[in-house]
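In case you want the letters, here they are:
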Amino acid sequence: MKLLKTIIINKPVKQVWKVAAEDFAHAGQWMTGVFHSSEFGANNIEQAPCSGRVCVLENKENGLKAEENILKFDSQNHTLIFEVIPVKKGGTGLPLTKNTVTLKLEQVSETQTKVFWYCDFEVTKLGKILSPILKIGVGFAFKGILKDLKVFVETGEPSKRKQKFNEKFVNQPLINN
């Protein structure tokens, strides 16, 4: 299953690259749905700030998280490729088994950047059956991620959506899962 989303961000490509790629491990600062994100593994990718990140998506014991491994980091061409592997211990299986994301930035002008978010999903048999519904849901989620990125890069603050998400859990301690 493949999907492409784009957005224009009203900042120079260097500023967008800094947040989306150079600060890869810190997506939890701006991305709705992520309680916390952190760097993991030894850095073995040329130019990359880290080899990957873990995004905690459910703040509960054995909750859903995403392990995201950088496959390619090209700062000259502003291209980042990473794979996302959802991890959930216990419960029902997930219909998505892996997502390979290609994030490509193109300078539109000195003050504008076009972001391309291309996804290539691997799904289970159930995922194949649910693919029309999954594509709509995942497309909506990635559109939200790009809007969150836009707001954060343009203002330096998380989006209202991310702020509301954070407020719901402000008094909950982060569970290490």
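Above this text sits the structure in question.
Each value, and the rule that gives it
One numbering rule holds for all chains: residues counted from 1, following each sequence as written. pLDDT decides what is reported in this predicted model: residues at 70 or higher carry local features, side-chain atom pairs at 80 or more are listed and counted, and totals for whole chains, interfaces and linings draw on all residues regardless. Heavy atoms throughout the structure, all of them, feed into the side-chain values; hydrogens and water do not. By definition here, a salt bridge exists when the distance from a side-chain nitrogen of Lys or Arg to a carboxyl oxygen of Asp or Glu is within 4 Å. Every helix listed is a DSSP run of H or I at least four residues long, and every strand listed is a run of E at least two residues long, numbered separately from the N terminus. Only protein chains enter the area calculation, which uses a 1.4 Å probe; residues under 20% of their type maximum are buried, those over 50% are exposed, and those in between are partly exposed. By the convention used here, strands pair only if DSSP detects at least 2 bridges between them. As a rule, the C-alpha atoms of each element are fitted with a line to give its axis, helices using only the stretch in contact, and angles between N-to-C directions run from 0 to 180 degrees. We call two residues contacting when some pair of their heavy atoms lies within 4.5 Å. Take the buried residues of types Ala, Val, Leu, Ile, Met, Phe, Trp, Tyr and Cys, join any two whose side-chain atoms come within 4.5 Å, and each joined set is a nonpolar core. Pairing of aromatic side chains requires ring centres within 6.5 Å, counting the rings of Phe and Tyr and the six-membered ring of Trp. Pairs whose planes differ by under 30 degrees are stacked, by over 60 edge-to-face, and all others tilted. In this scheme, Lys NZ or Arg CZ marks a charge over a ring once it lies within 6 Å of the ring centre and within 35 degrees of the ring normal.

Novice: Which residues make up the pattern of salt bridges, and what values do they have?
Specialist: Under the defined criterion, the tally for this structure stands at eight salt bridges. With a shortest N-O distance of 3.1 Å, K2 and D120 are connected by a salt bridge. Of this pair, K2 sits in strand β1 (residues 2-9) while D120 sits in strand β7 (residues 112-123); the two residues are 118 residues apart in sequence, bridging distant segments of the chain. Here K18 and D23 are joined by a salt bridge, their closest N and O atoms 3.1 Å apart. Owing to a relative accessible area of 40%, K18 belongs among the partly exposed residues under this scheme. Judged by relative accessible area, D23 falls into the partly exposed class, the value being 24%.

Novice: Before we move on, can you summarise the pairing of strand β5 (residues 79-87) with the specific residues and values?
Specialist: Of all nine residues in β5, seven are buried, a share of seventy percent or more. For β5 and strand β6 (residues 96-109), the ladder comprises six bridges, and the chain directions are antiparallel. Of the residues in β6, the one forming a bridge with V84 is N99.

Novice: So what's going on with the sheet that holds β7? Which residues, and what values?
Specialist: Across the sheet, which stays open at both edges, the seven strands sit in the order β1-β7-β6-β5-β4-β3-β2 with antiparallel pairing between neighbours. Strands with a single pairing partner mark the edges of an open sheet, and in this sheet they are β1 and β2 (36-40). On average, each strand axis in the sheet is inclined to that of its neighbour by 20 degrees, with strand direction left out of account. Note: strand β3 (residues 52-56) against strand β4 (residues 65-74), five bridges, orientation antiparallel. Across the sheet, the residue bridging to G52 is N69, located in β4. Packing of helix α1 (residues 13-22) onto the sheet brings it into contact with β1, β4, β5, β6 and β7, and relative to β6 it is tilted by some 165 degrees. Each of β1, β6 and β7 touches helix α3 (residues 131-155); the most contacted strand, β1, lies at about 20 degrees to it.

Novice: Account for the nonpolar core, with residues named and values stated.
Specialist: W30, I70, F73, L80, V115, W117 and F142 are the most contacted members of the largest nonpolar core, which totals 41 residues. Sorting the residues of this core by element identifies β1, α1, β4, β5, β6, β7 and α3 as the ones contributing at least two each. In terms of residue count, α3 provides more of this core than any other element does, eight residues in total.

Novice: Please give an account of the pairing of β7 that cites residues and values.
Specialist: Sheet analysis places β1 next to β7, joined by eight bridges and oriented antiparallel. In the strand pairing of β7, I7 is matched with V115. Pairing geometry for β6 and β7, over 12 bridges, is antiparallel. When the bridges of β7 are listed, Q107 appears paired with T113. Connecting the antiparallel pair β6 and β7 is a turn made up of two residues.

Novice: Quick one: what's the story with the environment of G28, residue by residue and with numbers?
Specialist: Note that G28 resides in the loop between α1 and β2. In this structure the C-alpha to C-alpha distance between G28 and V54, which are 26 residues apart in sequence, comes to 9.7 Å. Beyond its immediate stretch of four places on either side in the chain, G28 contacts V34, S37 and K162.

Novice: I'd like to hear about the packing of aromatic side chains, residue by residue, with values.
Specialist: All chains considered together, the criterion is met by six aromatic pairs. Plain terms: the ring middles of F35 and F165 are 5.1 Å apart, the flat faces sit at 50 degrees to each other, and that makes the pair tilted. With F35 in the loop between α1 and β2 and F165 in helix α4 (residues 160-168), this pair connects stretches of sequence that are 130 residues apart. When its relative accessible area of 12% is taken as the criterion, F165 is described as buried. Ring centres of F121 and F142 lie 6.0 Å apart, and the angle between their planes is 10 degrees; on these two criteria the pair is classed as stacked. Of this pair, F121 sits in strand β7 while F142 sits in helix α3, and the two are 21 residues apart along the sequence. Classification of F121 as buried rests on a relative accessible area of 6%. Positioned above the aromatic ring of F24, the side-chain terminus of R53 is 3.8 Å from the ring centre. Positioned above the aromatic ring of F82 is the side chain of R53, whose terminal nitrogen or guanidinium carbon lies 5.5 Å from the ring centre.

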